[in-house]
Amino acid sequence: MTGQGEIRERRAEGSAACADSRIVSLRDRARRLWTRCPGCGLEVERSGLRASLGVCPHCGFHHRISVGERAGYLFDPGSFRVADEIILTADPLCFQGGAYRREAQELGREAMAYGTAAVRGSSCVAALMDFSVFGGSMSAAVGEIFRRACALGVEHGLPLLAAVCSGGVRVQEGAPALMQMARVMFALEELSEARLPFISLLCDPSCGGVAASFATAADVILAEPGALICFSGPRVVEQTLGIKPEPDFSRAESLLERGLVDMVVPRPRQREVIGGLLAFFSERG
Amino acid sequence: MDAWNVVAFSRHPQRPTAADFIELACDYFFEIKGDRSGADDPSVIAGMVTMCGERLAVAGHEKGSGATERKRRNMGMPGPRGFAKALRLFKLAEKLSLPVLCLVDTPGAYPGVEAEEHGQAFAISRNLAALASLKTPVIVALIGEGGSGGALALGVGDAVLMMENATFSVISPEGCSSILWRDAGKAREAAEMLRLTSRDMLELDLIDAVVPEGPGGAHAQPVAAALNLRKSVLEHLRALSALPIPSLLERRKERYRRLAFFHEVPGDEAGLSVSAGRLP
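Note that the structure is a prediction, hence the values are computed from the model and not measured.

## Overview of the overall build of chain A
A count of helical and extended segments in chain A gives 12 helices and 11 strands. On the principal axes, the C-alpha backbone points of chain A span a range of 75 × 45 × 45 Å. Here chain A holds 285 residues, and the buried ones make up 54% of them. Within chain A, counting contacts between residues at least 6 apart in sequence, those at least 24 apart form 64% of the total. As displayed, chain A offers around 12,300 Å² of accessible surface, 51% of which is attributable to carbon and sulfur atoms. Of note, chain A has its 31 positive side-chain charges centred 6 Å away from the centre of its 33 negative side-chain charges.

So, in structure tokens, the structure goes:
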């Protein structure tokens with residue numbers, strides 16, 4: 001492997017200071033190629049993980065994936081037509097003297113992307129959440145994106161599919177972001193009035209104000225294996241009560257047992273399940 | 001008075017609670033109990049009242065007065081059963097065409113294992129959906145602490161009134177400070193940044209009116225504060241009751257649609273385009 005050659009080459013340079021940087025550089029390289037699976041603790045090759053839809057080949061742990069990766073395995077090739085407008089934060093609180101706004105603008109995208117898509121030939125409006133943008137948190141812009149996704153569904157008579165991955169409401173936007181919890185419910189109301197179904201796919205994590213608004217308001221709720229789905233997370237519970245919750249606390253499987261979600265669906269089966277539902281819904285009179 | 005002082009006022013142990021307000025401002029009160037599914041959550045108080053001859057349905061977070069009561073009422077932090085009790089009242093009000101008054105005063109929904117096991121997030125979501133489409137006027141009064149989703153589950157309506165020293169926030173100042181600086185000690189600074197006071201909320205156009213409490217705050221003058229709140233509630237109630245239900249619902253939808261704090265960068269072309277390649 002090239003790593004070996006690099007070690008020999010650098011060894012010729014000799015000094016102790018160099019030894020440290022060699023280790024760091026090797027470590028960086030290893031991190032680029034391999035990642036430790038939080039499910040089983042084993043090292044997994046990143047390229048292999050991508051090929052297996054982010055599911056650990058050893059233990060089946062579902063790693064967090066990007067919006068592009070999700071669209072890639074879920075939708076029919078080339079069918080995801082992303083809405084063109086770019087909706088960004090207006091930083092209503094002028095948080096941290098504009099530092100938050102600069103960070104958000106540099107990212108240039110929000111924690112949700114939406115558009116029309118097809119799953120096994122059945123069309124829907126898809127709203128996919130992006131955990132890499134402020135932990136997938138719901139800003140006022142995300143509220144607006146979700147509202148537009150609902151409106152697009154009403155306009156075209158299409159069902160809505162939301163892939164949720166969010167820590168909750170965005171703290172940096174305070175009460176204006178909190179109000180989006182209500183705002184999205186009004187948008188869903190219009191979808192209901194048009195008698196259009198709404199499917200949500202809850203991924204890890206689906207928490208806080210996002211869990212307590214549109215994510216759990218769906219007609220059919222699917223969840224990824226092991227996904228944390230809750231209003232208050234285990235850390236908040238521990239801080240408040242001083243008791244550490246069990247490891248399976250508020251995980252998808254325990255929600256299924258308690259009748260809170262309809263099905264736990266591993267990634268490789270999601271196309272089949274969601275495609276089947278959409279096909280069923282499209283047969284309505 | 002800075003934001004941190006307002007936070008202290010909103011949490012003052014002698015601050016009048018929802019039950020105090022009902023006692024001071026209403027003539028008749030019949031309290032409903034329970035979720036009709038196995039339990040009663042005392043952190044929510046709900047029932048039917050008359051107020052200066054007007055009939056209303058009232059639901060509020062109830063913190064309780066005194067140490068024992070506060071413990072029994074769980075400091076006004078509801079679990080799913082508390083939210084379900086409020087939902088029962090909303091539905092009853094709709095059936096009987098009674099306007100709803102929500103009294104919001106909670107640090108937040110209760111962060112407990114059992115609450116989560118019984119679907120805390122689902123309960124809040126259900127209440128939000130119910131309030132969004134409830135076919136009767138809904139007046140929300142923020143009377144103390146307005147803590148996050150647990151407050152909003154009783155906090156969506158046609159008019160939102162806010163007591164002068166009440167707060168409304170997505171997170172407690174302590175929580176915000178520990179997230180931002182990993183230090184709960186900078187809560188005063190965080191309180192300022194969160195813009196959680198009635199003045200901030202009016203500036204952000206999230207509320208319709210601020211109800212004065214008088215010098216020293218509501219805990220110093222509970223009767224005056226309760227009567228001021230009653231006056232404001234009745235004013236808004238009269239205006240809202242005059243509206244036919246369809247226009248009331250349209251107006252409510254529009255009220256929340258207006259709460260748009262975003263900035264749009266126009267795309268290259270209008271409508272949709274094949275641009276999945278742009279995804280991260």
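## Let's talk about the overall build of chain B
Looking only at helices and strands, chain B has 12 helices and 8 strands in total. In terms of C-alpha radius of gyration, chain B reaches 19 Å, essentially the compact-globule figure of 19 Å for 280 residues. Reported as C-alpha extents along the three principal axes, the dimensions of chain B are approximately 65 × 50 × 40 Å. Taking all 280 residues of chain B together, 55% fall into the buried category. Residue pairs at least 24 apart in sequence account for 72% of intrachain contacts in chain B once pairs closer than 6 positions are excluded. Carbon together with sulfur atoms contributes 54% to the accessible area of chain B, which is approximately 11,400 Å² in total. Computing the positive centroid from 32 side-chain charges and the negative centroid from 34, chain B places the two 5 Å apart.

## Quick look at the interface of chain A and chain B
Listed by partner, the interface residues are 63 residues for chain A and 58 residues for chain B. Of the roughly 5,500 Å² buried where chain A meets chain B, counting both sides, 69% is carbon and sulfur surface. Among the residues of chain A in contact with chain B, Asp84(A), Met179(A) and Phe186(A) are the three that bury the most area, contributing 14% of the side total. The interface formed by chain A and chain B includes 3 salt bridges.

## Here we look at a nonpolar patch on the surface
Residues and elements named next belong to chain B. The grouping of Leu 24, Val 223 and Leu 227 at the surface amounts to a nonpolar patch, some 220 Å² of accessible area in total. Turning to its location among the elements, Val 223 is positioned in helix H11 (residues 222–241). Residue class for Val 223 comes out partly exposed when judged on its relative accessible area of 47%.

## With respect to the environment of Leu161(A)
Residue and element names in this part refer to chain A. Following the sequence through the fold, Leu 161 ends up in strand E7 (residues 160–166). Residues Leu 161 and Arg 235 lie 74 residues apart in sequence; the distance between their C-alpha atoms is 29 Å. Setting aside chain neighbours within four positions, we find Leu 161 in contact with Leu 74, Phe 75, Cys 124, Val 125, Ala 126, Ala 127, Ile 199 and Ile 274.

## Digging into the sheet that holds strand E2 (residues 44–51) of chain B
Residue and element names in this part refer to chain B. Here we have 7 strands laid out as an open sheet, ordered E1-E2-E3-E4-E5-E6-E7, and mixed in their pairing. The strands lining the two open edges of the sheet, one partner per strand, are strand E1 (28–32) and strand E7 (209–211). Averaged over all adjacent pairs, the angle separating strand axes in this sheet is 25°, with direction ignored. For strand E5 (residues 138–146) and strand E6 (residues 159–163), the ladder comprises 4 bridges, and the chain directions are parallel.

Definitions and limits used
- Residues numbered from 1 in each chain as written.
- Chains lettered and ligands numbered in written order.
- Predicted model: local features only at pLDDT ≥ 70, side-chain atom pairs only at ≥ 80, totals over all residues.
- Heavy atoms only, no water.
- Helix = DSSP H or I, 4+ residues; strand = E, 2+ residues; numbered from the N terminus.
- Buried < 20%, exposed > 50% of the residue type's maximum accessible area, 1.4 Å probe, protein only.
- Contact = heavy atoms within 4.5 Å.
- Areas by Shrake-Rupley, 256 points an atom, 1.4 Å probe, with all protein chains shown as cover.
- Lys, Arg positive; Asp, Glu negative; His and termini not counted.
- Charge placed at Lys NZ, Arg CZ, Asp CG, Glu CD.
- Rg over C-alpha atoms; globule rule 2.2 N^0.38 Å.
- Buried area = accessible area lost by both parts, 1.4 Å probe.
- Salt bridge = Lys/Arg side-chain N within 4 Å of Asp/Glu carboxyl O.
- Patch = residues over 30% accessible without salt bridge, like charges linked within 9 Å, V, L, I, M, F, W, Y side chains within 5 Å.
- Pairing = 2+ DSSP bridges.
- Axes fitted to C-alpha atoms, helices over the stretch in contact; angles between N-to-C directions.

Note that every value here comes from positions in space, so none of it alone points to a role or purpose.
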